[in-house]
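A structural walkthrough
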Amino acid sequence: MNISIIRYILGWVLNIEAVLMLFPCLTAAIYQERSGIYFLITMVLCGGIGILSTFRKPKNTVFYAKEGLVVVALSWIFLSIFGAFPFYISREIPLFEDALFEVISGFTTTGSSILSDVEALSHCMLLWRSFTHWIGGMGVIVFILAILPNIGGGATMHIMRAESPGPSVGKLVPKVRVTAKILYQLYLGITLIQIVLLLLFKMPLFDALCITFGTAGTGGFGILNSSCGDYTHAQQLIITIFMILFGINFNVYYLLRIRKPKEAFRCEEARAYLGIVAVSIILIAVNIRHMFPSLLESFHQAAFQVASIITTTGYATADFDQWPEFSKTILVILMFIGACAGSTGGGLKVSRVLIGVKEMGREMRSLFHPQCVKVLRLEGKKLENTILRSVNAFFVTYALFFFASVLIVSLDNFDFTTNFTAVAATFNNIGPGLSKVGPVCNWSGFSPLSKYVLMFDMLAGRLELFPLLLLFTPSTWRKNF
């Protein structure tokens, strides 16, 4: 274990976080809010520790998969702890576990909140709360790879794979650093387009920034108590479209950028994802038709909620907890499916679902034709046994921790729907669940134990389980001889 390089990268994470806190400080200055001082205090603390940790670059910068997984998991934990300080020391969120819950929910792009009155927060706190979504959406380590050369050489791919969601992550170009730059250029470009469109449709600048940060990171922290319910239909439509766009694998946008549209449109995962979205919207719109004055309105509401749930964004324009059971069941299924691999969305990922379906089909065929050899392919490429093994291991680990979390959270004695969807919403980085954690409710009623379990679930879900679990494995910290 190369501890020195882990310390060095963690130092850069804190340096980056200190710089990013300039944005809420600027917001506080514009709105003349005293809360900005708490961001300055945290910036000094972050920057001081970060500078001390990065003052001298380690002589040995080589690291392997284990160091990559560990540094990603620790980075997200450190990022969250320091990110919670402004909320806590300002007393705008008085309990530290609540402040930590809110920030972890932000960085992991979950969007679950313990706040009953969001509008009571100062503007700088609201901006930081939403901005954490944008930071966490693409990943702060990916950003560091984009700006810092020669960290670990070719081994940086271990870091990108540990932080990027999906069963397999590849390089867009031969160099990992250039790949990271391309990803952030695409991310920033689509973000700016949404901000401009919302401004053109007369959304206030502050609202446009915060809502876009949440949409881009597929996070879902609203700045109004109604989430997105008070915005115009045109503004809601823009948010719907961009939620769906940010749920698509960024490789598709890269192919469009280099003028290979045929390859982009052949993306099997993206086609399956858009197909699931379309079918879900139609089924729900028909099912809720009687609840709205027109079929167009039911389609509008269905489209927004489907886009929000499958991309794990978590915004809401309606209380879908009051919808018929058929519609709610579809939404719960979408919670588990999630968006595409290589997007900012959470969940199991469409690619894993596709691989699971293909494996099931192969197993069914083998029952009738035992001697038949069927090669599984995704995106036209052969699925290697290593990928199939990792997907199977992920499903098993996911199920074990999911039901263990439901069991622990049930100690609070809430109803099963609340417990099950609370874990589903945090583990899949969704935001709202059903019943007592529905779109018009908050998460403050859970005990401190349940909140820490749900925080673990949010981090584990965002980091695809294994980087976080590795921290608790004794062999991780043994010296290699």
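Residues numbered from 1 in each chain as written. Predicted model: local features only at pLDDT ≥ 70, side-chain atom pairs only at ≥ 80, totals over all residues. Heavy atoms only, no water.

Topic: the layout of surface pockets
Which entries qualify depends on this criterion: Grid points spaced at 1 Å and placed over the protein atoms alone form the basis of the search, with a cavity being a set where a 1.4 Å probe fits but cannot get out and a pocket an open set showing protein on both sides within 12 Å along at least five of seven lines. Lining residues have an atom within 4 Å of a point. Grid points are joined across faces, edges and corners, and a volume is the space filled by probe spheres set on the points.
Size it by volume and the second largest pocket reaches roughly 450 Å³. Around the second largest pocket, the lining comprises 28 residues; the ones closest to its centre are Asn225, Ser227, Pro439, Val440 and Cys441.

Details of the UniProt feature "binding site: K(+)" (unreviewed entry) in the protein
Stated precisely, the cut-off is as follows: UniProt positions are given in the numbering used here, feature names are shortened, and annotations may be inferred rather than shown by experiment. Secondary structure follows DSSP: runs of H or I at least 4 residues long count as helices, runs of E at least 2 residues long count as strands, and numbering of each begins at the N terminus. Any two residues having at least one pair of non-hydrogen atoms within 4.5 Å are treated as being in contact.
Per the UniProt annotation, the sites labelled "binding site: K(+)" (unreviewed entry) are Thr109, Thr110, Gly219, Thr312, Thr313 and Asn429. The greatest C-alpha distance among the residues just named is 8.0 Å, despite their covering 321 residues of sequence, which places them together in space. Counting through the fold element by element, Thr109 comes out in the loop between helix H5 (96-107) and helix H6 (123-138). Not counting the four nearest positions on each side in its chain, Thr109 is found in contact with His133, Gly136, Gly137, Gly217, Thr218, Gly219, Thr312, Thr344 and Asn429.

Things to note about a positive patch on the surface
Worth spelling out the cut-off: To count toward a patch, a residue needs a relative accessible area above 30% and no salt bridge. Like charges then connect within 9 Å, nonpolar side chains (Val, Leu, Ile, Met, Phe, Trp, Tyr) within 5 Å. Areas reported here follow the Shrake-Rupley algorithm with a probe of radius 1.4 Å; residue values treat only the protein chains shown as occluding. Should a side-chain nitrogen of Lys or Arg be within 4 Å of a carboxyl oxygen of Asp or Glu, the pair is scored as a salt bridge. When charges are counted, neither His nor the chain ends are considered; positive counts come from Lys and Arg and negative counts from Asp and Glu. Charge positions are represented by NZ for Lys, CZ for Arg, CG for Asp and CD for Glu. Exposed residues in this analysis have more than 50% of their type's maximum accessible area, buried residues have under 20%, and partly exposed residues fall in between, with area computed by a 1.4 Å probe over protein chains only.
A cluster of like positive charges, contributed by Arg365, Lys374, Arg377 and Lys382, occupies part of the molecular surface. With respect to the helices, strands and loops of the structure, Lys382 is situated in strand E2 (residues 381-382). Residue class for Lys382 comes out partly exposed when judged on its relative accessible area of 47%.

Regarding the side chain of Asn428
For clarity, the threshold we go by: Polar contact is the term for a pair of N or O atoms within 3.5 Å; when the atoms are in protein, one must be able to donate a hydrogen and the other to accept it, and sequence-neighboring residues count only if both atoms are side-chain atoms.
Residue position: Asn428 is located in the loop between helix H19 (416-427) and helix H20 (448-462). By relative accessible area, which is 1% here, Asn428 ends up buried. Only 3.5 Å separates the side chain of Asn428 from the backbone oxygen of Met335, close enough to count as a polar contact. Among the polar contacts listed, one links the side chain of Asn428 to the backbone oxygen of Ala424, at a separation of 2.9 Å. What Asn428 contacts, discounting residues up to four positions off in sequence, is Thr312, Met335, Phe336, Gly346, Gly347, Leu348, Tyr398 and Val423.

Some remarks on the side chain of Thr344
Following the sequence through the fold, Thr344 ends up in the loop between helix H16 (325-337) and helix H17 (350-368). A polar contact of 2.9 Å, which involves the side chain of Thr344, links it to the backbone oxygen of Ala216. Reaching out from Thr344, the side chain makes a polar contact with the backbone oxygen of Phe246 at a distance of 3.4 Å. Apart from residues lying up to four places away in sequence, Thr344 is in contact with Thr109, Gly137, Met138, Tyr187, Ala216, Gly217, Thr218, Phe246 and Phe250.

What to know about H6
Selection rule: Working rule for helices: expected span equals 1.5 Å times residues minus one.
Taking 1.5 Å of rise per residue, the 16 residues of H6 would be expected to cover 22 Å, and the 24 Å separating its terminal C-alpha atoms lies within 8% of that figure. In terms of burial, H6 is largely enclosed, as 15 of its 16 residues are buried. The positive-phi residue at the C-terminal boundary of H6 is Gly139, with phi of around 105°.

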